[in-house]
Amino acid sequence: MVHVRLAQDWTDDAGTAHAAGDMVDVDAGTLAELEAAGIVAGPGEGTQWPGPTGGEGESWPGPTV
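Quick caveat, the model's predicted, so the values are computed rather than measured.

Undergrad: Quick question: what am I supposed to make of the overall build of the protein here?
TA: Counting its secondary structure elements, the protein contains 1 helix and 4 strands. Sequence-ordered secondary structure for the protein, helices as α and strands as β, is β-β-β-β-α. Buried positions account for 22% of the 65 residues belonging to the protein. Long-range contacts, defined here as pairs at least 24 residues apart, represent 34% of the contacts in the protein between residues at least 6 apart. Surface summary for the protein: the accessible area is close to 4900 Å², and the carbon and sulfur share equals 51%.

Listed below in structure tokens is the structure:
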């Protein structure tokens, strides 16, 4: 099983609806189908690191140098 974040809403084979942004566990075959359909983003796609200068309400406890 692989734990992935959904880029779009998705309903699994059991009929459970999952919203974009949800983290779900899927098998390798399902992951390939979701990636092909654009339902999950590949590594680095649509992700941002907030870091020490992140947006409002985001904080980073590490050093700023």
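Undergrad: Can you help me understand the environment of Val2 in this one?
TA: Looking at where Val2 falls in the secondary structure, it is placed in strand E1 (residues 2-5). Each C-alpha atom, one on Val2 and one on Ala28, is 7.0 Å from the other, the two residues being 26 residues apart in sequence. Apart from the residues lying within four places of it in its own chain, the contact partners of Val2 are Val24, Asp25, Val26 and Leu31.

Undergrad: Can you help me understand the nonpolar core in this one?
TA: Most often, soluble globular proteins keep nonpolar side chains buried together rather than apart. Counting 9 residues, the largest nonpolar core consists of Val4, Leu6, Trp10, Val24, Val26, Leu31, Leu34, Ile39 and Val40. Contributions of two or more residues to this core are made by strand E4 (23-26) and helix H1 (28-37). Each residue touching Leu34, except ones within four places of it in the same chain, is listed here: Trp10, Val26, Ile39 and Val40.

Undergrad: Got a minute to help me understand the environment of Ala41 in this structure?
TA: Looking at the secondary structure, you find Ala41 in the segment after H1. Since its relative accessible area comes to 34%, Ala41 is described here as partly exposed. In sequence terms Ala41 and Leu6 are 35 residues apart; their C-alpha atoms lie 7.2 Å from each other. Apart from the residues lying within four places of it in its own chain, the contact partners of Ala41 are Arg5 and Ala7.

Undergrad: It is not clear to me how the pairing of E4 should be interpreted in this structure. Could you clarify?
TA: Within a regular strand, side chains alternate between the sheet's two faces. Going residue by residue along E4, you find Val24 and Val26 tucked away on one face and Met23 and Asp25 left uncovered on the opposite face. Pairing analysis gives 4 bridges linking E1 to E4, with the strands arranged antiparallel. For Arg5, the partnering residue across the bridge sits in E4 and is Met23.

Each value, and the rule that gives it
- Position labels on residues start from 1 in each chain and follow its written sequence.
- In keeping with the predicted nature of the model, local features appear solely for residues at pLDDT of at least 70, side-chain atom pairs appear and are counted solely at 80 or more, and the whole-chain, interface and lining totals rest on all residues.
- As a rule here, side-chain values cover all heavy atoms of the structure and leave hydrogens and water aside.
- Secondary structure counts use DSSP, requiring at least four H or I residues in a row for a helix and at least two E residues in a row for a strand, with both numbered from the N terminus.
- Exposure is judged per residue with a 1.4 Å probe applied to protein chains only, and the accessible area is read against the type maximum: over 50% gives exposed, under 20% gives buried, and values in between give partly exposed.
- Any pair of residues with heavy atoms lying within 4.5 Å of one another is described as a contacting pair.
- Each accessible area value is a Shrake-Rupley result obtained with a 1.4 Å probe; residue values ignore everything except the protein chains displayed when judging cover.
- To qualify as a nonpolar core, a set must consist of buried Ala, Val, Leu, Ile, Met, Phe, Trp, Tyr and Cys residues joined through side-chain atoms within 4.5 Å.
- Two strands qualify as a pair provided that DSSP identifies no fewer than 2 bridges between them.

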